[in-house]
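What follows is each chain in one-letter form.
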Amino acid sequence: VALYFSHDSLDLVNQSTLTPGGTISAILRSRSTDSFYLAIYTYAPASENLTVFTEMLAAMERCILQFSQNYPGNLVFVFGDFNLELSSPTSRSAQVLRNFLVTHDLCDELARLGSACPTWRGPGLRAGSASRLDYIFSNIMHHFSSAKLFANPTSDHRVVSLSSLKNENPPATNTFPK
């Protein structure tokens, strides 16, 4: 999981580890608008470990709440390999994540942009398996204008890329039914 951004338009203000070996936060500042962005990126544990998964989301929640107090109305996005199918009706971890997304008004950007296809393909004997395990969630709809998925020769996961609108002024936040 990686975060790439242009140093011509964004400055890294702060970066910290939220959970050892798995979740990192970064605060970025737009040079043109002086807006701030919180990026939380993760490599989540296997979704069967609900305790560890819930602790990871609790660390993300503390970070989002602190950022929202310090930088109200600014963009929050959470992304990475969550090691689960969000749409699974039987996965407890998926249900916990769906509740987290509603609580923090986070939208599935790949689904919104029509790119909600498998991001993982099984290697070797599992080559016929495919799942969507990688997600990008945002609290501001329409900040991103397009999503692309690319083959990755060094991983069983595809590269997921979002492009932002040229206008960096964040539009209104999402509104989801509770």
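First things first, this report covers the structure right here in the doc. (Residues numbered from 1 in each chain as written. Predicted model: local features only at pLDDT ≥ 70, side-chain atom pairs only at ≥ 80, totals over all residues. Heavy atoms only, no water.)

Turning next to the pattern of salt bridges. Overall, the coordinates contain four salt bridges when judged by the stated rule. Close ionic contact of Arg31 with Asp11 constitutes a salt bridge, the shortest N to O distance being 2.7 Å. Of this pair, Arg31 sits in the loop between strand 2 (23-30) and strand 3 (36-43) while Asp11 is found in strand 1 (residues 10-19), placing the two residues 20 residues apart along the sequence. Taking the relative accessible area as the measure of exposure, Arg31 reaches 46% and is therefore partly exposed. With a shortest N-O distance of 2.8 Å, Arg112 and Glu109 are connected by a salt bridge. Linking Arg112 with Glu109, this pair stays in helix 3 (residues 109-112), spanning three residues, or about one helical turn. Accessibility expressed as a relative area gives 24% for Arg112, which makes it partly exposed. Three or more residues joined by partner-sharing salt bridges are found here, namely Asp11, Arg29, Arg31 and Asp34. (Salt bridge = Lys/Arg side-chain N within 4 Å of Asp/Glu carboxyl O. Helix = DSSP H or I, 4+ residues; strand = E, 2+ residues; numbered from the N terminus. Buried < 20%, exposed > 50% of the residue type's maximum accessible area, 1.4 Å probe, protein only.)

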